[in-house]
Amino acid sequence: MGLIYGYDIYLRPRNVARVLANLAELAPPTRAVPPLDVLLPGGERLVLPFTSRFESAPVDCSTSGTLDLDTSLMFDADDALREYARNNGPDPGADGRVQIGYVYATIRFESVPHPGYASVECWAATSEMSRLFARSANVRKVFTGLAADSGGVCCLFDTGDGAPQQVCWLNGEPTQETVPGPRFPDWRALVATWPASEE
């Protein structure tokens, strides 16, 4: 099995609709998939330009703990993204953005480290894309920006291989820490820095 790198965003459950709407704004305008109707826990309904398990049938998450999405996303080109596009296509568009897909997203309405928070785990579909996730400053900027714009408390870069996870955004500030690491010896120490899950 190849590399599976991704970015994990943690946020209050009430902000899941906002992060999904913000994620949808990154979709390429020309992607030809039928709109996906999603019913979230609590009754909010969204229409997204993605598929779920490669299907466009309506998804009812009102009694489900997770939502799986297959996305294609646009990133502002940097050197790493231009190199990726040269090898994999398509070329950057007129707006200077590069389309990357598939990026798989798993939304957990109760996250593993803290059930009072939801998580959005966006992971690369291939080893080459995983290396891109590790190299590209603009890919990191998009996911930390999603955390910031969606009321998230934390964004991690996760290599999925048991190595320390990189904390790249925490409680409103960019950072460079690891879990485990000097500041956060374990998950409990990291989660302790998050605001109370309910206000």
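Residues numbered from 1 in each chain as written. Predicted model: local features only at pLDDT ≥ 70, side-chain atom pairs only at ≥ 80, totals over all residues. Heavy atoms only, no water.

**A short note on the pairing of strand E6 (residues 97-108)**
Then step 1. By the bridge criterion, 11 bridges tie strand E5 (residues 66-76) to E6 in an arrangement that is antiparallel. Looking at E6, one finds that Asp76 is bridged to Arg97.
Then step 2. Looking at chain direction, E6 and strand E7 (residues 118-124) are connected through 6 bridges and run antiparallel. Along E7, the bridge assignment pairs Thr106 with Glu121. (Pairing = 2+ DSSP bridges. Helix = DSSP H or I, 4+ residues; strand = E, 2+ residues; numbered from the N terminus.)

**Observations concerning the environment of Arg45**
Then step 1. Mapped onto the elements of the fold, Arg45 is located in strand E3 (residues 45-48).
Then step 2. Placed 28 residues apart in sequence, Arg45 and Ala17 show a C-alpha to C-alpha distance of 8.4 Å.
Then step 3. Non-local contacts of Arg45, meaning those with residues more than four positions away in its chain, are made with Asp37, Val38 and Leu39.
Then step 4. Side chain to side chain, Arg45 and Asp37 meet in a polar contact 2.6 Å long. (Contact = heavy atoms within 4.5 Å. Polar contact = N/O pair within 3.5 Å; in protein donor to acceptor, adjacent residues only side chain to side chain.)

**So, the state of the cysteines**
Then step 1. Counted by the stated rule, this structure contains 0 disulfides.
Then step 2. Cys61 carries a free sulfur, and the closest cysteine sulfur to it, the one in Cys122, is 15 Å from it.
Then step 3. The thiol of Cys154 is unpaired, and the distance to the nearest cysteine sulfur, on Cys155, comes to 7.2 Å. (Disulfide = S-S within 2.5 Å.)

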